[in-house]
Amino acid sequence: MQRKVDVEKALVRKYPEQVVLVTTKNKAGKDNVMAVGWVAIASGEPVMFVLGIDEQACTYQNIIETKEFVVSFPSEKMAKQTLFAGSVHGYNRDKIKESGLRIQQGSIVNAPILIDSVANFECKLVEITKPGDCPLIVGEVVCAWENTNKNLKRLYTVGKNHKLAGVRVKK
Ligand SMILES: Cc1cc2nc3c(=O)[nH]c(=O)nc-3n(C[C@H](O)[C@H](O)[C@H](O)COP(=O)(O)O)c2cc1C
C-alpha cells in the first residue's frame, strides 16, 4: 500500500545512495577531491557519468577551468576520508594530503586517481546543464581502472546526514 507524503519524507527512503569521490587538478597543478552523492550513468556507448555539483564547490571551478576530472568509487574503508572530502572546500586546503588519500597519475587526464578506491574513471567534460538548482556535469569516460582486490566493498550513504557504510553485494 502507498500513502501520499511530503517529497522530503519519501526521499528519506532512497538510501542506500551511492557516493563517489571526484578528483580534479587545477591549472596551477593543485589536486582536489570532493564527495558527490548525486551521480549516475548518463550514457552507455560511450560511457558517461552525470554529476550534480554545486557552483560553490572548488571542484566545479576546477572542472570549468580544465574540462576534466576523475570519478572514483571509494571502498568502505574510505568513509572517514570521504566525509572529510565532503565537508571542507578545497580552495585553501590540501584535502588529499590532509586526508591521507593515496593518489597516482592517471593515463589521460591530469586529475589523480585514488589508489585505494574500488574503481576510477578518468573523464573529459562533455557538457554542463542546469535544469533545476544544481548544475549537472556530464563527462565521458576516457580511461578506467579497477582495484586488483576483488573483495573490496563500495561505500554508500545509508542514511540521512551523510551516514556512510559499506554495502554487501551478493556474488
Ligand atoms: C556523502 C556526501 C555526499 C555529497 N554529495 C554532494 C553532491 O552530490 N553534490 C554537491 O555539490 N555536494 C555534495 N556534497 C558536499 C561536497 O562534497 C562539499 O561541499 C565539498 O566540501 C566540496 O568540496 P570542494 O569545494 O573542495 O570541491 C556531499 C558531501 C558528502 C559528505
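Keep in mind that this is a model prediction, so the values were computed, not measured. (Residues numbered from 1 in each chain as written. Predicted model: local features only at pLDDT ≥ 70, side-chain atom pairs only at ≥ 80, totals over all residues.)

S.K.: For the overall build of the protein chain, give the residues involved together with the corresponding values.
M.R.: Counting its regular elements, the protein chain contains four helices and twelve strands. Its C-alpha radius of gyration of 16 Å places the protein chain within 12% of the 16 Å reference for a compact globule of 171 residues. Expressed as a percentage of the 171 residues in the protein chain, the buried residues total 33%. Counting contacts in the protein chain only where the partners sit at least 6 residues apart, residues at least 24 apart contribute 63% of the total. (Helix = DSSP H or I, 4+ residues; strand = E, 2+ residues; numbered from the N terminus. Rg over C-alpha atoms; globule rule 2.2 N^0.38 Å. Buried ≥ 20, exposed ≤ 12 C-beta atoms within 10 Å, placed from the backbone. Contact = placed C-beta atoms within 7 Å.)

S.K.: Describe in detail the site of the ligand, supporting the description with residues and values.
M.R.: Close to the ligand lie 21 residues, the nearest being W38, C58, T59, G86 and G90. Mapped by element, the contributors of at least two residues to the shell around the ligand are β3 (31-36) and α2 (58-66). When residues of the shell around the ligand are assigned to their parent elements, the largest contribution, four residues, is made by β3. Along the lines of polarity and charge, the residues of the shell around the ligand split into ten nonpolar, ten polar and one charged. (Near = placed C-beta within 6 Å. Nonpolar A, V, L, I, M, F, W, Y, C, P; charged D, E, K, R; others polar.)

S.K.: With reference to specific residues and values, describe the sheet that holds strand β1 (residues 17-18).
M.R.: Strand order in the open sheet formed by three strands is β1-β11-β12, and the pairing between neighbours is antiparallel. The outermost strands of the open sheet, each flanked by one partner alone, are β1 and β12 (163-166). Pairing geometry for strand β11 (residues 155-159) and β12, over four bridges, is antiparallel. Across the sheet, Y156 pairs through a bridge with A165, a residue of β12. (Pairing = 2+ DSSP bridges.)

S.K.: Please give an account of α2 that cites residues and values.
M.R.: Taken together, the buried positions of α2 are C58, T59, Y60, N62 and I63. Considering only its buried residues, α2 is in contact with β2 (20-25), β3, β6 (68-73), β9 (119-129) and β10 (136-146). Positive phi shows up at K67, right after α2, with a value of about 60°.

S.K.: Residues and numbers for the pairing of strand β4 (residues 39-44), please.
M.R.: The buried fraction of β4 amounts to zero of the six residues, a small share that puts the element mostly on the outside. Where β4 and strand β5 (residues 47-52) come together, five bridges link them in antiparallel fashion. Bridge pairing links A40 to V50 in β5. With antiparallel pairing between neighbouring strands as the criterion, β4 and β5 make up a hairpin whose turn holds two residues.

S.K.: Outline the environment of I53, supporting the account with residue identities and numerical values.
M.R.: Inspection of the secondary structure puts I53 in the loop between β5 and α2. Residues I53 and T24 lie 29 residues apart in sequence; the distance between their C-alpha atoms is 13 Å. For I53, the contacting residues outside a window of four places in its chain are V36, T59, Y60, P135 and I137.

S.K.: Hey, could you go over the environment of P131 for me, with residue numbers and the actual values?
M.R.: Inspection of the secondary structure puts P131 in the loop between β9 and β10. The class of P131 is exposed, set by 7 C-beta atoms lying within 10 Å. Sequence separation of P131 and A165 is 34 residues, and the distance between their C-alpha atoms is 31 Å.

S.K.: Explain the nonpolar core to me, using residue names and the numbers behind them.
M.R.: Among the nonpolar cores identified, the biggest contains 35 residues, and V20, L21, V22, M34, V36, V70 and V71 are the most heavily contacted of them. Every element with two or more residues in this core is listed here: β2, β3, β5, α2, β6, β8 (113-114), β9 and β11. In this view, L21 contacts V33, A35, S72, P74, T82, A85, L114 and S117; residues no more than four positions away in its chain are not counted. (Core = buried A, V, L, I, M, F, W, Y, C linked by C-beta atoms within 7 Å.)

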